[in-house]
Amino acid sequence: VCFRMTTYLNKAFQNLCTILIECEGGVMSIIDENYTMGLPHQIFAVNNAFAEDLLEARLQLQPAKSQCYILEAFRDAEWDKLQGNILNGVLKNSDGDAVAIDGNAFHGITTCNVPIGKEGFVQGYLEQIKNRITSRFEKITAYPLNKCFGS
């Protein structure tokens, strides 16, 4: 099944890579995640072409999972027009709500669990990961060791 799936996806990814090379962009794919990079006026059209190619393989991109990021200095009305229904990535709390200070969200995305974005996004994301990991320490230390090792 894996080989057959790869064969179906190959054409879509080959087309994507060819277009991105021509416009000095790039793509990285890991399992069912792909990260496409390029110039704003090209990247969204490239993404739409990729979506059409995936349909031929009976797959579809998930717009709800799609996010984009650009430095604030370049985020303008043209950017908003180009991105269409792909939302700017923002730091979210455990309830899925955007984290903001004085109404300003922390913009960024994660690539393979590595945060890329504004300093507040990066620090906030890493703090969330740290808290998730260290909260497990409390659970582990609260569990009696004799139950773990059968003494």
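Okay, so let's go over this structure. (Residues numbered from 1 in each chain as written. Predicted model: local features only at pLDDT ≥ 70, side-chain atom pairs only at ≥ 80, totals over all residues. Heavy atoms only, no water.)

## Brief notes about the nonpolar core
Stage number 1. Grouped together as the largest cluster of nonpolar side chains are 14 residues, with contacts concentrated most on Leu16, Leu20, Phe44, Phe50, Leu54, Cys68 and Trp79.
Stage number 2. Those elements that place two or more of their residues in this core are helix H1 (2–22) and helix H2 (40–56).
Stage number 3. It is H2 that provides the largest number of residues to this core, a total of five residues.
Stage number 4. With residues up to four places along the chain from it excluded, the contact list for leucine 20 reads Gly25, Gly26, Val27, Thr36, Met37, Ile43 and Val46.
Stage number 5. In terms of nonpolar packing, the next biggest core, distinct from the first, is built from five residues, Leu91, Phe106, Tyr125 and Ile129 among them. (Core = buried A, V, L, I, M, F, W, Y, C linked by side-chain atoms within 4.5 Å. Buried < 20%, exposed > 50% of the residue type's maximum accessible area, 1.4 Å probe, protein only. Helix = DSSP H or I, 4+ residues; strand = E, 2+ residues; numbered from the N terminus. Contact = heavy atoms within 4.5 Å.)

## Thoughts on the side chain of asparagine 88
Stage number 1. Position of asparagine 88 among the secondary structure elements: in strand S4 (residues 87–88).
Stage number 2. Within the structure, the side chain of asparagine 88 is placed 2.9 Å from the side chain of tryptophan 79, a separation counted as a polar contact.
Stage number 3. In contact with asparagine 88, not counting residues within four places along its chain, are Cys68, Arg75, Trp79, Gln83 and His107. (Polar contact = N/O pair within 3.5 Å; in protein donor to acceptor, adjacent residues only side chain to side chain.)

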